[in-house]
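Observations on the model geometry
Spelled out, the chains give:
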Amino acid sequence: MSRAPILSLAVKSLMNRRLTVGLTLFALAVSMMLVLGVEKVRGEAKLSFANTISGADLIVGARSGSIQLLLYSVFRIGNATNNISWKSYQQIAARPGVAWTVPMSLGDSHRGFRVLGTTGDFFWHYRHGRKRNLKFSGGKPFNDLFDAVVGSDVAKALGYNVGDAVVVAHGLGREGFKTHSDKPFKVSGVLAKTGTPVDRTVFVSLEAIEAIHVDWQSGSPIPGMSIGADKVRQMKFTPKAITAVLVGTKSRFGAFGLQRSINEFPAEPLLAILPGVALQELWDLMGTAELALSVISVFVIAAGLLGMVTMLLAGLNERRRELAILRSVGAQPRHLFALLAAEAGTLSVAAAGAALALLYGVFLIAQPILDAEFGLFIEITSPSRHDLTVLGMMIVAGTLAGFLPAWRACRQALADGLIVRT
Amino acid sequence: MENLVRTALAGLVVTGSLLAVSPVSAAEKHAHGEGELKLAIEGNKVVIELTAPGSDIVGFEHKPSLDADRKAVAAAAAMLKDGGALFAFPDKAGCKMQEADVHSEMLHDDKHKHGDGDHAEFEVHYSFSCATPSALTHVDVRYFKAFPRAHELEVQMITQKGQGAAELTASSSRLTF
């Protein structure tokens, strides 16, 4: 018996047991698909996280730690230790290498969501994921002093539509604390889902942040003094201080130099970070979660292989006759071993192919859903070298796992002879 | 996915103040064995800034007063200047070094100025020009072979894929873009 007939015999034998083999193949394919899928989603999630804010070359804030600055300026978690004076901001904006700046003012909230005071440029310069722009699912950027733009989660959670009224609360407490109820905002636009903290933010103009505090002092309304919204509209506001600045540089080469010079800013202690670098540092801190995913993948594949070995082993009993007949026509134990190993190998190869088909099928269906619901954009690409390596390793592992039933088959065939005992 | 990230990050806020490490800018950091590498790619140009403590390069950080020390500094500076040997880009990219500038207080025989005292550093600025920038997939950093006293390079890079961070050591000295 040469090798090719063994393979064709293996395929024929498998075909003969279509149902069990089909189910095993499916289980194996699903586990292989999960491994590839988890790997792909992990990679995309990492990329999407690293590109939470991909438009800005630098983020500038008061001097603290780089991760702290990233957390409050991008993720709106925690608070700034200090502000940046408006004068320093203007000096930074005027630096030669600077292409654009977007000032950000944080500190107020609206029903649990942070309010970000900024300029209309924010919607233009902010990029996420693969350099994607912010999109409005309805309305437009703020125009009036009391216009607000809300992120998609805010709109969803609070049921806001374009034209609704919004009351901003002072500080970060929930509604009912001290509110700026005398100056309600109108929703001028709703942003599309991005999967970034933008979704959970209420945007107003920088002037609006100043305006709502115009008759306030030290965090409280001044008694007996209340300036109405219309009167405020006619006032002119220049912020005294802001919380952070997004900076775009004219060239990538300028970013490092600008960062250094801002870190040595003479007027006040400032910190400039490269957001992509800080985001990656942050992701690395959460490396355990990533490791957990990899561990799960390994177990998933182990479960799949175990299923295949079980099927092959269980099948041996009902195939005693088949194997005995093969022996009677001259098959050596090594031929039986090869047959069983070839079966496992064929199954693994078929499962790998099916896994790829399943993977792309699932991604094609899931891509728009993941994008719309979670803002996670999965780019469908041809299998990477890594994917192919993983598949190859799984095929090898599957074939090797087939050695156990193959070895059993040899032993059994030697002991059984032709007589089928029941 | 964002909620998950948020929850994880919220946990980090607690440790945030700890993570904030010391409120100094990166430029002021100085640790023996640890250097910094900043790399930016735009168009067909690659710019690299290498900052390394003197101890990593020549084994000491005082101004060379002995002839032997002076020779060691000069030899090290010459090695640092040879960017083509320190940074191996893929052959297909066809990168050629345009210039390299080595700066260090240790190179100047200035007896009056003492500057940073005993923590002298080397700062090297390289620029490369590449014929086929699309083939720029990685760079093999041979710095650790040239300077065995160095253990680690903290990398910050800006490439066509965006910003990124990496850590290079003697055993993993390939920087993938």
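Not measured: the values here are computed from a predicted model.

When helices and strands are tallied, chain B shows 5 helices and 9 strands. When the elements of chain B are put in sequence order from the N terminus, they spell out α-β-β-α-α-α-β-β-β-β-α-β-β-β. Within chain B, buried positions represent 34% of all 177 residues. Summarising the internal contacts of chain B: among those between residues at least 6 apart in sequence, 65% fall at separations of at least 24.

This part takes up the overall build of chain A. Each helix and strand in chain A was counted, giving 15 helices and 16 strands. The 422 residues of chain A split such that 44% are buried. In chain A, once contacts between residues fewer than 6 apart in sequence are set aside, the share between residues at least 24 apart is 80%.

Further remarks concern the environment of L134(A). Residue and element names in this part refer to chain A. Take L134: it is sitting in the loop between β6 (132–133) and β7 (136–139). Between the C-alpha atoms of L134 and E281, which are 147 residues apart in sequence, the distance is 25 Å. Excluding residues that lie within four positions of it along the chain, L134 makes contacts with F123, Y126, L191, T194 and V198.

All names here are of chain A. Burial runs high along strand β11 (residues 201–205): 5 of the 5 residues are buried. Going residue by residue along β11, you find T201, F203 and S205 tucked away on one face and V202 and V204 tucked away on the opposite face as well. Pairing analysis gives 5 bridges linking strand β4 (residues 113–118) to β11, with the strands arranged parallel. Note on β11: the bridge partner recorded for T118 is S205.

Residue and element names in this part refer to chain A. Per the domain assignment, the segments of chain A are domain 1 (3–49 + 287–416) and domain 2 (58–273). In this assembly, 6 residues from domain 1 lie in contact with 6 residues from domain 2. Here the side of domain 1 that touches domain 2 is built from residues that sort into 4 nonpolar, 2 polar and no charged.

With that settled, the discussion passes to unusual backbone geometry. In this model, R76(A) sits at a positive phi of 55°, which is unusual for a non-glycine residue. If you trace the backbone, R76(A) turns up in the loop between α3 (66–73) and β2 (84–85).

Moving on to the sheet that holds strand β1 (residues 34–42) of chain B. Read across the sheet, 6 strands follow the order β4-β5-β2-β1-β7-β8 (chain B) without closing on themselves; strand pairing throughout is mixed. Only two strands of the sheet have a single neighbouring strand rather than two, namely β4 (95–104) and β8 (162–169) of chain B. Between one strand axis and the next, the sheet turns by 15° as a mean value, whatever way the strands run. Note that strand β7 (residues 152–159) of chain B and β8(B) share 8 bridges and pair antiparallel. Within β8(B), the residue paired with L153(B) across the bridge is L168(B). Helix-sheet contacts for helix α9 (residues 252–263) of chain A involve β1, β2 (45–53) and β7 of chain B, and the interaxial angle to β1(B) is about 145°. Here helix α3 (residues 67–81) of chain B sits on the sheet and contacts β4 and β5 (121–130) of chain B; the angle it forms with β4(B), its principal contact strand, is near 150°.

All right, on to the pairing of β4(A) then. All names here are of chain A. Among the 6 residues that make up β4, 5 are buried, leaving the element largely enclosed by the rest of the structure. Where strand β3 (residues 98–110) lies against β4, 5 bridges are found, and the strand directions are antiparallel. For M104, the partnering residue across the bridge sits in β4 and is T118. Linking β3 to β4, which pair antiparallel, is a turn of 2 residues; within it R111 sits at a positive phi near 45°.

Attention now moves to the sheet that holds strand β9 (residues 174–176) of chain B. Within a sheet, each strand pairs with its neighbour through backbone hydrogen bonds, oriented either parallel or antiparallel. All names here are of chain B. Taken in spatial order, the 3 strands line up as β3-β6-β9 in an open sheet, and their pairing is antiparallel. Both edges of this open sheet fall to β3 (87–88) and β9, since each of them pairs with a single strand only. Note that strand β6 (residues 138–141) and β9 share 3 bridges and pair antiparallel. By the bridge assignment for β9, V139 is matched with L175.

Here we come to the nonpolar core. Residues and elements named next belong to chain A. Membership of the largest hydrophobic core comes to 111 residues, with the highest contact counts inside it found for L58, V60, L70, A148 and V245. Counting the residues that make up this core, at least three belong to each of domain 1 (3–49 + 287–416) and domain 2 (58–273). Counting residues in each nonpolar core, the second largest holds 40 residues, with L14, L25, L312 and L391 among its members.

Before going further, it helps to spend a moment on the packing of helix α13 (residues 333–374) of chain A against helix α14 (residues 385–401) of chain A. Residues and elements named next belong to chain A. Contact geometry of α13 with α14 gives a least axis separation of 7 Å together with a crossing angle of 155°. Our classification of the angle between α13 and α14 gives roughly antiparallel. Handedness of the crossing formed by α13 with α14: right-handed. On α14, the residues that touch A341, A344, G345, L347, S348, V349 and A352 of α13 are L391, M394, I395, G398, T399 and A401. Split into classes, the residues belonging to the contact of α13 with α14 amount to 9 nonpolar, 4 polar and no charged.

Our focus in this paragraph is helix α11 (residues 287–318) of chain A. Under the 1.5 Å per step criterion, the end-to-end length of α11(A) is 48 Å for 32 residues, consistent within 8% with the ideal 46 Å. Among all positions of α11(A), only I301(A), G304(A), L305(A), M308(A), M311(A), L312(A) and G315(A) are buried.

Next up on the list: the confidence of the model for chain B. As a general rule, the predicted coordinates of low-pLDDT regions are not to be interpreted in detail. Residue and element names in this part refer to chain B. Looking at chain B, the pLDDT average stands at 80 and 77% of residues meet or exceed 70. Confidence, expressed as mean pLDDT per element, reaches its minimum in chain B at helix α1 (residues 2–19) with 50 and its maximum at β3 with 94. Within the model, pLDDT remains below 50 along residues 13–27, and this stretch shows 22 contacts once partners closer than five positions in the same chain are excluded.

Moving on, we come to the packing of helix α2 (residues 18–50) of chain A against α13(A). Helix-helix packing is described using two parameters, namely the angle between the two axes and the distance between the axes. Residues and elements named next belong to chain A. Remark: α2 packs on α13, axes separated minimally by 7 Å, with the N-to-C direction vectors making an angle of 55°. On the basis of the axis angle, α2 is oblique to α13. Where α2 crosses over α13, the handedness of that crossing is right-handed. Taking contact as the criterion, the partners of T24, L25, L28, A29, V30, M32, M33, L36 and G37 in α2 are, on α13, L347, A350, A351, A352, A354, A355, L358, L359 and V362. Considered class by class, the residues forming the contact of α2 with α13 number 16 nonpolar, 2 polar and no charged.

Of the residues in chain A, 88% have a pLDDT of 70 or more, and the chain-wide mean is 83. With pLDDT under 50 throughout, residues 173–177 of chain A is counted as low confidence; its partners more than four residues away or in other chains account for 7 contacts.

Turning to the environment of A166(B), a few remarks are in order. Residues and elements named next belong to chain B. Tracing the sequence through the fold places A166 in strand β8. Linking A166 and L153, residues 13 residues apart in sequence, is a C-alpha distance of 8.3 Å. If near-sequence neighbours (up to four positions away) are discounted, A166 is found in contact with V155 and L175.

About the criteria used
- Residues numbered from 1 in each chain as written.
- Chains lettered and ligands numbered in written order.
- Predicted model: local features only at pLDDT ≥ 70, side-chain atom pairs only at ≥ 80, totals over all residues.
- Helix = DSSP H or I, 4+ residues; strand = E, 2+ residues; numbered from the N terminus.
- Buried ≥ 20, exposed ≤ 12 C-beta atoms within 10 Å, placed from the backbone.
- Contact = placed C-beta atoms within 7 Å.
- Pairing = 2+ DSSP bridges.
- Domains from an automatic or database assignment.
- Nonpolar A, V, L, I, M, F, W, Y, C, P; charged D, E, K, R; others polar.
- Axes fitted to C-alpha atoms, helices over the stretch in contact; angles between N-to-C directions.
- Core = buried A, V, L, I, M, F, W, Y, C linked by C-beta atoms within 7 Å.
- Parallel < 35°, antiparallel > 145°, perpendicular 65-115°, else oblique.
- Left-handed = near helix turned anticlockwise from the far one by under 90°.
- Expected span 1.5 Å × (residues − 1).
- pLDDT = per-residue confidence, 0-100.

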